[in-house]
Amino acid sequence: MPPILCRSALQAIALIEDNETLWTHSMGATPKVLLDALAEHALTRQNLTLLQLHTENAESLSHPRLTGHLRHRCFFGGVPTRSLLQQGDADYVPIFLSEVPKLFRSGEQAIDTAIIQVSPPDKHGICSLGISVEATLAACQMAGKIIAHINPMMPRTHGDGFIHYHKLAAVYEQSVPLPQHPLAASDATSLAIGQHVAKLVRDGDCLQMGIGAIPDAVLACLTKHKDLGVHTELFSDGVLNLVELGVINNSRKKVYPGKLVTGFALGSQRLYDFVDDNPSVIFMDIEQVNDTSIIRKNPNVMAINSALQVDISGQICADSLGTRIYSGVGGQMDFIRGAGLSEGGRSVIALPSTAANGTVSRIATVLSPGAGVVTTRAHVHYIATEYGVANLRGKSLRERARALIDIAHPKFREQLCRETFEMWQLKV
């Protein structure tokens, strides 16, 4: 049965009734047009719950007037939801990114309506989830109904993200530019970190990395490498540059050799044009992309991730500032564990040595009260700051403390030595 063809986004969203649990397509495919309509429609409804990962440009749903009408339930926080999470006006669910689809498919988390953004249907009637498959494929498979924004500017991508037009309950078509994240400008700190991390990367490595100044700086330092592969939850323009240089060719991968595997992409229009109808780039269900048992099958996996804080024992906090939720667990542990089990695999946590304009050391004697341990000290391998790299694998607490203090900002090292003895009884 074909979907209802709607003249407005609000008409499509009007199918949502009281007490529904909703899922929204996330990342660069965030259906802003439909979510803006939801912000209006929700005022006429009660007790709606919106499940989500990181969303782009969805601030309209964070307005105080929606209190009592719609509540966010976040598997990952972003700009639109961060203040709500920190005020207790939204709910945070700590979970590995790889397990979000499982939560849906098992029925542990029911979904009444999935709100998505797709490419126009092809000659077979099949739409594409485009630049973001992540957990949205699973949400569509389990949802009672699907409301879609058909956007002619959404790339048609290869992989898992296909959905038949007749599976949609209601559609609204409008051509709208996708959110763009151009390459981050490299500052001296990011560039120094990038140079340190790049030295850990070997020819033939299979990379996983995030988005932002530090991952972009790392990628910019890899132009002389050879035969790199990519199996990552997210990729951006820094990867595209290396593909065009022939540095990334995926030739040594054992899982999808010759293919760049990802769960979502976020970057410039140049990046979106590159992935459009490109069979060398596979957008897969995040349950597969981030599956440790799959990641480990590639040799020489190099997982590059970031953190907010690390203590001198190697515990990594990546989702909160103390008790204040900042982002989420995400896929960091999926890949750090997968890399650790990969033959020749390694992982690195890269972060600036300080925060708050140099007034706070990110390397701390102990984590801030309430800080979330995303990567345990048993899983951590390399830590990198602009002052160097600490290898913590197989190291004792005393050896870890010494190595981490050596890459802390110089003005905090004496204090860290003193506190390490006072709190841990470790002489460093």
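Residues numbered from 1 in each chain as written. Predicted model: local features only at pLDDT ≥ 70, side-chain atom pairs only at ≥ 80, totals over all residues. Heavy atoms only, no water.

By the naming in an unreviewed UniProt entry, the chain goes by 4-hydroxybutyrate CoA-transferase and is assigned to Shewanella subflava.

1. Side note on the pairing of strand β23 (residues 346–350)
Most of β23 is tucked away, with five of its five residues classed as buried. One ladder, built from four bridges, connects strand β18 (residues 301–305) with β23; its direction is parallel. Its bridge partner being in β23, M302 is matched across the sheet by R346. The pairing of β23 with strand β28 (residues 382–385) spans three bridges and is classified as parallel. Within β28, the position partnered with V348 by the bridge is Y382. (Buried < 20%, exposed > 50% of the residue type's maximum accessible area, 1.4 Å probe, protein only. Helix = DSSP H or I, 4+ residues; strand = E, 2+ residues; numbered from the N terminus. Pairing = 2+ DSSP bridges.)

2. Observations concerning the sheet that holds strand β17 (residues 281–283)
Backbone hydrogen bonds hold the strands of a sheet together, and the pairing may be parallel or antiparallel. Ordered by their spatial adjacency, three strands build an open sheet running β9-β17-β15, and the pairing between neighbours is parallel. Every other strand in the sheet has two partners, leaving β9 (158–159) and β15 (260–262) as the edge strands with one partner each. In the sheet, β15 pairs with β17 via three bridges, with the strands oriented parallel. Looking at β17, one finds that V261 is bridged to I282.

3. Observations concerning helix α2 (residues 32–41)
Counting buried positions over the ten residues of α2 gives seven, a clear majority of the element. Among all positions in α2, only V33, L34, L35, A37, L38, A39 and H41 are buried.

4. Thoughts on the nonpolar core
Of all hydrophobic cores here, the largest spans 81 residues; its most connected members are W23, F75, F104, I116, L168, L222 and F235. Membership of the second largest hydrophobic core comes to 23 residues, among which are L34, L35, I147 and Y172. (Core = buried A, V, L, I, M, F, W, Y, C linked by side-chain atoms within 4.5 Å.)

5. Structural notes on the packing of aromatic side chains
Under the criterion given, the structure shown has three aromatic pairs. Between the aromatic rings of W23 and F75, the centroid separation amounts to 6.4 Å while the plane-to-plane angle is 35 degrees, which identifies the pairing as tilted. In this pair, W23 is assigned in strand β2 (residues 21–24) and F75 in the loop between β4 (70–74) and α3 (79–87), connecting sequence segments 52 residues apart. The class of W23 is buried, set by a relative accessible area of 0%. Their ring planes at 65 degrees and their centres at 6.1 Å tell us that F75 and F104 sit as a pair that is edge-to-face. Taken together, the positions of F75 in the loop between β4 and α3 and F104 in helix α4 (residues 100–105) put the pair 29 residues apart, joining distant regions of the chain. Residue class for F104 comes out buried when judged on its relative accessible area of 1%. Against the face of Y326 rests R82, its NZ or CZ located 3.8 Å from the ring centre. (Phe/Tyr/Trp six-rings, centres within 6.5 Å; stacked < 30°, edge-to-face > 60°. Lys NZ or Arg CZ within 6 Å of the ring centre and 35° of its normal.)

6. Remarks on the environment of P352
Relative to the assigned elements, P352 resides in the loop between β23 and β24 (354–355). Residue P352 is classed as partly exposed on the basis of its relative accessible area, which comes to 23%. As for P352 and A408, which are separated by 56 residues in sequence, their C-alpha atoms are 9.0 Å apart. Not counting the four nearest positions on each side in its chain, P352 is found in contact with T189, I193, I214, R362 and E386. (Contact = heavy atoms within 4.5 Å.)

7. Some details on the side chain of T385
Looking at the element boundaries, T385 is found in strand β28. Of the residues examined, T385 reaches a relative accessible area of 0% and is grouped as buried. Polar side-chain contacts of T385 include one of 3.0 Å to the backbone nitrogen of Y387. When neighbours within four sequence positions are excluded, T385 is seen to be in contact with I193, H196, L351, S353, I363 and I407. (Polar contact = N/O pair within 3.5 Å; in protein donor to acceptor, adjacent residues only side chain to side chain.)

8. Comments concerning the sheet that holds strand β27 (residues 373–375)
Across the sheet, four strands lie side by side as β26-β19-β20-β27; this open sheet has mixed pairing. In this open sheet, the two edge strands, each paired with only one partner strand, are β26 (363–364) and β27. Sheet topology places strand β20 (residues 316–317) next to β27; two bridges connect them, and they run antiparallel. When the bridges of β27 are listed, I316 appears paired with T375.

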